[in-house]
Amino acid sequence: MEWSSTFRAGLVLGAAVVAWQLVSVPAGLTGVFVPVAFALQLGVVVGLLVRTREAQAYGQQVLSAAVLSAIAGAMIFPASLLVTSVLFPEHEALDGSSS
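Computed from a prediction, not measured in an experiment: that's the story for all the values here.

(A) Fine view of the environment of Val 46. One can find Val 46 in helix 2 (residues 33–51). C-alpha separation for the pair Val 46 and Ala 65, spaced 19 residues apart in sequence, amounts to 8.8 Å.

Pasting the structure below:
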């Protein structure tokens with residue numbers, strides 16, 4: 001299995017979503033955060049699957065996509081806590097209430 005590509009794609013996805021969060025929260029774009037983050041994930045996962053389609057069978061590609069998402073999630077979760085709790089604790093939640 002091509003783990004280096006999977007690991008690299010997970011790091012790219014994690015960094016892209018964290019960067020988008022750092023832009024969207026202070027700009028007040030929290031309503032479009034999820035669709036853009038989803039589009040980023042879709043693009044990175046499809047890119048990985050296209051790059052590894054010759055070397056990996058279906059099950060291996062499913063596992064690669066899951067591992068990529070887990071690596072990105074391990075970066076996104078603590079960054080999200082940092083952004084919403086430390087950097088921008090006063091930002092407006094999606095329902096309009098202050099956090």
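(B) Layout of a nonpolar patch on the surface. Together, Leu 22, Leu 82, Val 86 and Leu 87 give the surface a local cluster of nonpolar side chains, amounting to about 340 Å² of exposed area. Relative to the elements of secondary structure, Leu 82 occurs in helix 3 (residues 58–87). Relative accessible area serves as the criterion here: at 43%, Leu 82 is assigned to the partly exposed category.

(C) Local environment of the pattern of salt bridges. By the definition in use, this model includes one salt bridge. Glu 54 serves as the salt-bridge partner of Arg 53, at 3.9 Å between the closest nitrogen and oxygen. Relative accessible area serves as the criterion here: at 74%, Glu 54 is assigned to the exposed category.

(D) Region of interest: the side chain of Ser 5. Within the secondary structure, Ser 5 sits in helix 1 (residues 3–27). Filtering out sequence-adjacent residues up to four positions away, Ser 5 remains in contact with Leu 48, Arg 51 and Thr 52.

(E) Looking closely at helix 2. Here helix 2 is 19 residues long and its end C-alpha atoms lie 27 Å apart, about the 27 Å a rise of 1.5 Å per residue gives. The set of residues buried in helix 2 consists of Phe 33, Ala 37, Val 44, Val 45 and Leu 48. Viewed end-on, helix 2 has its buried residues packed into an arc of 95°, placing them on one side of the element. At its buried positions, helix 2 is contacted by helix 1 and helix 3.

Cut-offs and rules
- Residues numbered from 1 in each chain as written.
- Predicted model: local features only at pLDDT ≥ 70, side-chain atom pairs only at ≥ 80, totals over all residues.
- Heavy atoms only, no water.
- Helix = DSSP H or I, 4+ residues; strand = E, 2+ residues; numbered from the N terminus.
- Patch = residues over 30% accessible without salt bridge, like charges linked within 9 Å, V, L, I, M, F, W, Y side chains within 5 Å.
- Areas by Shrake-Rupley, 256 points an atom, 1.4 Å probe, with all protein chains shown as cover.
- Salt bridge = Lys/Arg side-chain N within 4 Å of Asp/Glu carboxyl O.
- Buried < 20%, exposed > 50% of the residue type's maximum accessible area, 1.4 Å probe, protein only.
- Contact = heavy atoms within 4.5 Å.
- Expected span 1.5 Å × (residues − 1).
- Arc of directions from axis to C-beta.

By themselves these figures say nothing about function.
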